Amino acid sequence: MQVKLMIMGFFALGSLFCSAAPSDSAEQNVLNIAGATTIQPVLEVLADDYQHKSGQTVQIQGGGSSRGIEHVLQGHGPLGAVSRALTPEEKKELDYVTIGKDALVFIVNQRNPVESIDRDTAVRLFCGEIKNWNELTNWERSVVLVTKEMGRSTLDLFEKYTGVHHPDNPEDSENGRVDESAYEIASNLDGVTLVAGMPGGVGYMSLGASEYLRDKGMPVKILELEGYSMDRDSIVAGDYPISRELNLVYKEENKDLVQGFLDFCLGRTGQEAVRDLGYIPVKESQ
């Protein structure tokens with residue numbers, strides 16, 4: 001991307017989205033978790049409660065789903081956060097627990113009159129074919145694209161759905177590449193903040209993060225996708241076009257170290273945190 005935006009200052013908006021200090025410790029009294037920023041807010045909420053309950057220190061870092069996989073495989077920590085289904089190859093090397101479900105949604109600024117989007121429109125927008133919103137509605141405003149950086153599972157879902165690839169993706173793309181004018185961001189907080197601040201902005205984000213931040217006052221709108229409004233029933237039923245698992249991964253050799261925290265995430269407190277932050281608790285999705 002020609003334009004990359006780091007909005008680190010916005011992480012001060014709330015401790016829910018702040019990372020703990022990094023550590024490579026594998027000591028028995030430390031749970032060092034890294035990975036998907038989509039799951040990070042849930043883990044941040046639960047870390048203090050679990051530490052108070054168990055006496056075990058919990059350290060949370062972001063970095064994306066790819067980092068979550070590498071974090072565990074390279075021995076940097078016992079748990080990784082991955083906001084997508086594992087590949088068959090990853091399942092051979094890692095065990096995992098699904099703690100909830102999420103969906104990918106397209107968001108625009110609240111001022112944008114557009115209410116819905118389909119796959120073809122998403123392709124035309126992100127390839128740079130549609131330059132102004134007046135091509136879709138009567139609103140005169142330049143389109144500003146917001147996309148994810150490599151290594152993010154949200155980008156993987158977007159690429160699979162649209163056939164539009166990140167410019168640095170070495171694989172052949174069905175429908176071209178994301179336009180070079182796009183702002184490239186890391187976390188969902190970055191993306192929602194950017195779209196909220198630019199009237200012509202459009203991006204693809206986590207449903208849970210988008211709803212949570214919208215309800216906290218961020219001026220963004222979640223678009224209908226392929227005629228589906230964003231309701232939990234369509235995700236649970238598997239009707240919504242782009243849904244995903246929220247997973248915690250670990251090696252079998254570390255099961256005893258992580259089992260307590262996994263049980264906590266799947267218990268009442270953990271599942272309430274999943275729901276409160278806009279995601280679907282795993283028991284509702286079964």
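Residues numbered from 1 in each chain as written. Predicted model: local features only at pLDDT ≥ 70, side-chain atom pairs only at ≥ 80, totals over all residues. Heavy atoms only, no water.

(A) Focus on the overall build of the protein chain. Along the backbone of the protein chain there are 10 helices and 13 strands. Expressed as a percentage of the 286 residues in the protein chain, the buried residues total 55%. Contacts in the protein chain between residues at least 24 apart in sequence constitute 72% of all its contacts with a sequence separation of at least 6. In the form shown here, the protein chain has an accessible surface area of approximately 12300 Å², with 45% of it arising from carbon and sulfur atoms. (Helix = DSSP H or I, 4+ residues; strand = E, 2+ residues; numbered from the N terminus. Buried < 20%, exposed > 50% of the residue type's maximum accessible area, 1.4 Å probe, protein only. Contact = heavy atoms within 4.5 Å. Areas by Shrake-Rupley, 256 points an atom, 1.4 Å probe, with all protein chains shown as cover.)

(B) Representation of the nonpolar core. Counting 78 residues, the largest nonpolar core has Leu79, Phe106, Phe158, Leu248 and Phe261 as the members making the most contacts within it. In terms of residues, this core owes the most to one element, strand S5 (residues 95-109), which gives 8 residues. Setting aside its immediate chain neighbours within four residues, phenylalanine 106 contacts Ile117, Ala122, Phe126, Phe158, Tyr161, Gly203, Tyr204, Lys221, Ile222, Leu223, Leu225 and Ile242. Counting 6 residues, the second largest nonpolar core, distinct from the first, contains Ile69, Leu86, Leu94 and Val249. (Core = buried A, V, L, I, M, F, W, Y, C linked by side-chain atoms within 4.5 Å.)

(C) Local environment of the packing of aromatic side chains. On inspection of all chains with the given rule, the structure shows 8 aromatic pairs. Considering the side-chain rings of phenylalanine 126 and tyrosine 204, the 5.6 Å spacing of their centres and the 65° angle between planes classify their relative orientation as edge-to-face. In this pair, phenylalanine 126 sits in helix H4 (residues 119-126) while tyrosine 204 sits in strand S9 (residues 201-206), placing the two residues 78 residues apart along the sequence. Taken individually, phenylalanine 126 and tyrosine 204 each receive the classification buried, so the pair is uniform in this respect. (Phe/Tyr/Trp six-rings, centres within 6.5 Å; stacked < 30°, edge-to-face > 60°.)

(D) Layout of the pairing of strand S3 (residues 57-63). Of all 7 residues that make up S3, 5 are buried, and the element is covered over most of its length. Across 6 bridges, the pairing between strand S2 (residues 30-35) and S3 is parallel. Bridging across to S3, asparagine 32 finds its partner in glutamine 59. Taking the sense of rotation as the criterion, the β-α-β connection linking S2, helix H1 (residues 40-54) and S3 turns out right-handed. (Pairing = 2+ DSSP bridges. Right-handed = clockwise from strand over helix to strand, strands pointing away.)

(E) Geometry of the pattern of salt bridges. A full pass over the atoms with the stated rule returns 9 salt bridges. Put simply, glutamate 129 and arginine 124 hold a salt bridge, and the shortest N to O gap is 3.3 Å. Residue class for glutamate 129 comes out exposed when judged on its relative accessible area of 51%. Residue classification places arginine 124 among the partly exposed residues on the basis of a relative accessible area of 24%. Its salt-bridge partner being arginine 268, residue glutamate 272 comes within 3.2 Å of it at the nearest N-O pair. Taken as a pair, glutamate 272 and arginine 268 lie in helix H10 (residues 268-276) at a separation of 4 residues, close to a single helical turn. Judged by its relative accessible area of 70%, arginine 268 falls in the exposed class. (Salt bridge = Lys/Arg side-chain N within 4 Å of Asp/Glu carboxyl O.)

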